[in-house]
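# Reading the structure
One letter stands for each residue in the lines below.
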Amino acid sequence: MDEHNAETPKQEQEQPEKYDLFNTAELAELYSKYQPPLDERVIEIVLSSTKGRDCLVDIGCGSGSSTRPFCSHFSKVIGVDYSPAQIDLAKSLSQEISNAEFLQGSLYELPVADSSVDCIIGVMIAQFIDLPQLFEEAKRVLKPGGVLLFHGKGSPKVVQIERESETESKTDTTISQLNERISYIKTGLFAGLFHDRTHFNPQKYSNIPPLHADQDITREEWTSSRWTTLPVLADYMLTWSAAGKYCAKHGLSSGELREKMIEVMKGGDNGMCSVRCEADRFTWAACHVTGG
């Protein structure tokens, strides 16, 4: 799942089922195609934090892009998601992997035995869920010393523009202007449509409470960087929950919204051939301590 740093007023947290944000075959395909792969550093953090290698559960697994990378490290890997469309695609993409299982169901009633899981990981899901309810389920299924880990991603910020021609003109887009246009897509075009009511993402998960009272948690932050194009950046934005709601609200197809976002980013400047984007990455992790 994915959500970004758009500021929203505090409201009663709503569950994904009410929006049915992610339960369409189209969005499942968009996620599979256009969400960046799981950062290698997340895999390293999980492996360094987890003692056992018997079982990992990926909650809100979507099409399995954050699940499959762990199959070579754990004996059993289970992806759980409420969306049948996402689970169907995850199964289709994982047919050659014998130790991966994908199950449609509730994150608060995980289909695993008590004290049987070495690690629960949730990628871009903390802002969508009832944390106290999940914490209770995590305490049930995690082994003593097992780890609950959340991984989050900030919004992309352009730091470099490569142009088709090195000749500067007065119409050339500056880095600041392009970032303002991207910000407008989030806070103007998609105003009020982002789901996050927790403000976890803007604060890089620093405000997520511990699994157990008076427990130290482990957080890590870093910055990722990649070259991309405006059309590919628009493809990525289509995976945002706000994009799906915008299309539904205005009767647009995802392709029509894609073209609209590309035009907004261009601002009439057709000379940008590629851009380098940076984005914050962060993790939150807590161990299950028996008797906590």
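Along every chain, residues carry numbers that run from 1 in the direction the sequence is written. pLDDT decides what is reported in this predicted model: residues at 70 or higher carry local features, side-chain atom pairs at 80 or more are listed and counted, and totals for whole chains, interfaces and linings draw on all residues regardless. Computation of side-chain values: all heavy atoms of the structure, hydrogens and water removed.

## Considering the overall build of the protein
As a reminder of what qualifies: In DSSP terms, a helix is any run of H or I states spanning at least four residues, a strand is any run of E spanning at least two, and both are numbered starting from the N terminus. A simple rule labels every residue: compare its accessible area, found with a 1.4 Å probe on the protein chains alone, to the largest value its type can have, and call it buried under 20%, exposed over 50%, or partly exposed in between. Contacts between residues were defined by any pair of non-hydrogen atoms, one from each residue, lying within 4.5 Å. Areas reported as accessible are Shrake-Rupley estimates using a 1.4 Å probe. Residue values count occlusion only from the protein chains shown.
Summing up its helical and strand segments, the protein has 9 helices and 8 strands in all. In the protein, buried positions account for 52% of the 292 residues. Once local pairs closer than 6 in sequence are excluded, the contacts in the protein between residues at least 24 apart make up 79%. Counting every atom, the protein has about 13,000 Å² of accessible surface; 47% of that belongs to carbon and sulfur.

## Points about the side chain of aspartate 39
Stated precisely, the cut-off is as follows: Asp and Glu are treated as the negative residues and Lys and Arg as the positive ones, with His and the ends of the chain left uncounted. The term salt bridge refers to a side-chain nitrogen of Lys or Arg lying within 4 Å of a carboxyl oxygen of Asp or Glu.
Tracing the backbone shows aspartate 39 in the loop between α2 (25-34) and α3 (40-49). Although aspartate 39 lies buried, it forms no salt bridge, and the closest oppositely charged side chain, arginine 281, sits 4.4 Å away as judged by the N-O distance. Once you skip the residues sitting within four places of it in the chain, aspartate 39 turns out to touch Trp222, Ser224 and Arg281.

## So, helix α8 (residues 241-250)
For α8, the set of buried residues is Ser241, Ala242, Ala243, Lys245, Tyr246 and Cys247. Just downstream of α8, glycine 251 is the residue with a positive phi angle, here 65°.

## Quick word on the pairing of strand β8 (residues 272-287)
Keep this limit in mind: Pairing between two strands requires that DSSP report at least two bridges joining them.
As paired elements, strand β5 (residues 142-153) and β8 share 7 bridges and run antiparallel to each other. By the bridge assignment for β8, valine 147 is matched with cysteine 287. Relative to β8, strand β6 (residues 157-163) runs antiparallel, the two being bridged by 6 bridges. Of the residues in β8, the one forming a bridge with arginine 163 is methionine 272. With 11 bridges joining them, strand β7 (residues 218-228) and β8 adopt antiparallel strand pairing. Considered in β8, the bridge of serine 224 is made with alanine 279.

## Observations regarding the environment of glutamine 203
When you line up the elements, glutamine 203 lands in the loop between α6 (175-189) and β7. Spatially, the C-alpha atom of glutamine 203 lies 9.7 Å from that of glycine 154, the residues being 49 residues apart in sequence.

## What about the packing of α6 against helix α9 (residues 254-266)?
Which entries qualify depends on this criterion: Angular values range over 0 to 180 degrees, each being the angle between N-to-C directions of two axes fitted as lines to C-alpha atoms, with helices fitted over their stretch in contact. Small angles under 35 degrees read as roughly parallel and large ones over 145 as roughly antiparallel, with 65 to 115 read as roughly perpendicular and the rest as oblique. The nonpolar class holds Ala, Val, Leu, Ile, Met, Phe, Trp, Tyr, Cys and Pro. Asp, Glu, Lys and Arg form the charged class, and all remaining residues, Gly among them, are polar.
Viewed as axis vectors pointing N to C, α6 and α9 meet at an angle of 140°, and their least axial separation amounts to 8 Å. Between α6 and α9, the crossing angle belongs to the class labelled oblique. Contacts between α6 and α9 involve Leu178, Arg181, Ile182, Tyr184, Ile185 and Leu189 on the former and, on the latter, Leu257, Lys260, Met261, Val264, Met265 and Lys266. Class assignment for the residues of the contact of α6 with α9 results in 9 nonpolar, no polar and 3 charged.

## What about the packing of α8 against α9?
The condition that has to hold: We call a crossing left-handed when the near helix sits turned anticlockwise from the far one by less than a right angle, and right-handed when that turn is clockwise.
At a minimum axis separation of 10 Å, α8 and α9 run at an interaxial angle of 110°. With respect to α9, the element α8 is oriented roughly perpendicular. In this structure, α8 crosses over α9, and the sense of that crossing is right-handed. In this structure, α8 contributes Ala243, Tyr246 and Cys247 to the contact, and α9 contributes Ser254, Leu257 and Lys260. A breakdown of the residues in the contact of α8 with α9 according to their chemical character gives 4 nonpolar, 1 polar and 1 charged.

## Overview of unusual backbone geometry
One non-glycine residue with positive phi stands out, namely serine 115, at about 50°. Positive phi values are uncommon outside glycine, yet lysine 204 reaches one of about 55°. If you trace the backbone, lysine 204 turns up in the loop between α6 and β7. The exposure class of lysine 204 is partly exposed, given its relative accessible area of 25%.

## Brief notes about the environment of phenylalanine 194
On the secondary structure map, phenylalanine 194 appears in the loop between α6 and β7. Taking the relative accessible area as the measure of exposure, phenylalanine 194 reaches 1% and is therefore buried. Between the alpha carbons of phenylalanine 194 and lysine 245 there is a distance of 8.7 Å; along the sequence they are 51 residues apart.

## Some details on the pairing of strand β2 (residues 76-81)
Buried residues dominate β2, accounting for 5 of its 6 residues. Alignment of strand β1 (residues 55-59) against β2, held across 5 bridges, turns out to be parallel. Residue cysteine 55 lies in a different strand from β2, and its bridge partner there is lysine 76. Sheet topology note: the β2/strand β3 (residues 100-104) ladder contains 5 bridges and is parallel. Residue pairing for β3: aspartate 81 is matched across the bridge by glutamine 104.

Functional significance is not addressed by these values, which are geometric in nature.
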